[in-house]
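# A look at the structure
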Amino acid sequence: WSYDKIHRSLSTPSIYNGLVFVGDYSGFIHCLDAETGQPYWVYDTKSHIWGSTMAGDGKVFFGTEDGDFVVLAAEKTLKVIRKVDMKAPVYSSPVAANGTIYIATQTHLYAIGKSGQAQAAPTAPVVDAAAGVDAACEAMGETATEGAIR
């Protein structure tokens, strides 16, 4: 199958539960059936997307150039779980490792994990997380720490 509704894209697709999620530079996230290519929905962020989506735990995670970190339901029906202002552009792709999601903005690296398991990036000082990240963590039932990027 093929799908020609993606504008210019820098993103690598993510696949979860038979669904493909891919962002394009114009700011759209596309959800397609992985087997047939049938489109289910398109979400407009109204901002550029430089990084890739990450899908897992029933959610799709990604950041935008306007500094939003967005969490969508990884389902055939579009549902916005949370949109958080990270206070700086998010050009990178979120990454998950060892129960922690890492989100990098231009100025900070955030580690979001289960309560009591959040850790700052190695060698970065641990400081209070921004209010926006706290809201994202609350939506995911998790906690965060942040470290300055050097």
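Our structure is the block above this text.
Residues numbered from 1 in each chain as written. Predicted model: local features only at pLDDT ≥ 70, side-chain atom pairs only at ≥ 80, totals over all residues. Heavy atoms only, no water.

## Re the sheet that holds strand 4 (residues 39-44)
Rules: For two strands to be treated as a pair, DSSP must find no fewer than two bridges joining them. Each helix corresponds to a stretch of at least 4 residues labelled H or I by DSSP, and each strand to a stretch of at least 2 residues labelled E; elements are numbered beginning at the N terminus. Every angle, taken between N-to-C directions, lies between 0 and 180 degrees, and every axis is a line fitted to C-alpha atoms, over only the stretch in contact when it is a helix.
If you walk across this open sheet you meet the 4 strands as 1-2-3-4, and the pairing is antiparallel. Each edge of the open sheet is held by one strand with a lone partner, namely strand 1 (14-16) and strand 4. For this sheet the average axis-to-axis angle between neighbouring strands, irrespective of direction, equals 20 degrees. Note that strand 1 and strand 2 (residues 19-23) share 3 bridges and pair antiparallel. Within strand 2, the residue paired with Ile15 across the bridge is Val20.

## Considerations on the nonpolar core
General note: in soluble globular proteins, nonpolar side chains tend to be found buried as a group. Selection criterion: Nonpolar core, defined: a set of buried Ala, Val, Leu, Ile, Met, Phe, Trp, Tyr and Cys residues in which side-chain atoms within 4.5 Å join the residues together. Only protein chains enter the calculation, and the probe is 1.4 Å; a residue is then buried if its accessible area is under 20% of its type maximum, exposed if over 50%, and partly exposed in between. Between two residues, a contact is recorded if the distance between any of their heavy atoms is within 4.5 Å.
By size, the foremost hydrophobic cluster in this structure holds 12 residues: Leu19, Phe21, Ile29, Cys31, Trp41, Tyr43, Ile49, Val60, Phe62, Val70, Leu72 and Ala74. Mapped by element, the contributors of at least two residues to this core are strand 2, strand 3 (28-33), strand 4, strand 6 (59-63) and strand 7 (68-73). Aside from chain neighbours lying at most four places away, what touches Leu19 is Ser14, Cys31, Leu32, Asp33, Ala34, Tyr40, Ala74, Glu75 and Lys76. Counting residues in each nonpolar core, the second largest holds 11 residues, with Val84, Ile101, Ile103 and Tyr110 among its members.

## Re the sheet that holds strand 5 (residues 54-56)
As a general point, the strands of a sheet are linked pairwise by backbone hydrogen bonds and lie either parallel or antiparallel. Taken in spatial order, the 4 strands line up as 5-6-7-8 in an open sheet, and their pairing is antiparallel. Lying at the two open borders of the sheet, with one neighbouring strand each, are strand 5 and strand 8 (80-85). Strand-to-strand twist in this sheet, taken as the mean axis angle between neighbours without regard to direction, amounts to 15 degrees. Direction of pairing for strand 5 relative to strand 6: antiparallel, over a ladder of 3 bridges. By the bridge assignment for strand 6, Met54 is matched with Phe61.

## Things to note about the pairing of strand 3
With respect to burial, strand 3 is a largely interior element, 5 of its 6 residues being buried. In this structure, strand 2 lies alongside strand 3, joined through 5 bridges in antiparallel fashion. Following the sheet pairing, Val22 is matched in strand 3 by His30. If you look at the hairpin formed by strand 2 and strand 3, you'll find 4 residues sitting between the two strands, and Gly27 has a positive phi there, around 105 degrees. One ladder, built from 5 bridges, connects strand 3 with strand 4; its direction is antiparallel. If you follow Cys31 over to strand 4, its bridge partner there is Trp41. Following strand 3, the chain reverses through 5 residues before pairing antiparallel with strand 4; Gly37 in that reversal takes a positive phi of roughly 80 degrees.

## Focus on the side chain of His30
Operational definition: Counting of polar contacts relies on pairs of N or O atoms within 3.5 Å, with two restrictions inside protein: one atom must be capable of donating a hydrogen and the other of accepting it, and residues adjacent in sequence are counted only when both atoms are side-chain atoms.
The residue His30 is located in strand 3 in this model. At 2.9 Å, the side chain of His30 forms a polar contact with the side chain of Asp24. In contact with His30, not counting residues within four places along its chain, are Tyr3, Lys5, Ile6, Val20, Phe21, Val22, Asp24, Trp41 and Val42.

## A look at a nonpolar patch on the surface
Where we set the bar: In this scheme, patches are assembled from residues that exceed 30% relative accessible area and form no salt bridge. Like charges are connected within 9 Å, while nonpolar side chains (Val, Leu, Ile, Met, Phe, Trp, Tyr) are connected within 5 Å. All accessible-area figures derive from a Shrake-Rupley calculation using a 1.4 Å probe, and residue coverage is judged against the displayed protein chains alone. Salt-bridge detection follows one rule: a side-chain nitrogen of Lys or Arg within 4 Å of a carboxyl oxygen of Asp or Glu.
Together, Leu10, Trp50 and Tyr91 give the surface a local cluster of nonpolar side chains, amounting to about 280 Å² of exposed area. Tracing the chain through its elements places Tyr91 in the loop between strand 8 and strand 9 (95-97). What makes Tyr91 partly exposed here is its relative accessible area of 33%.

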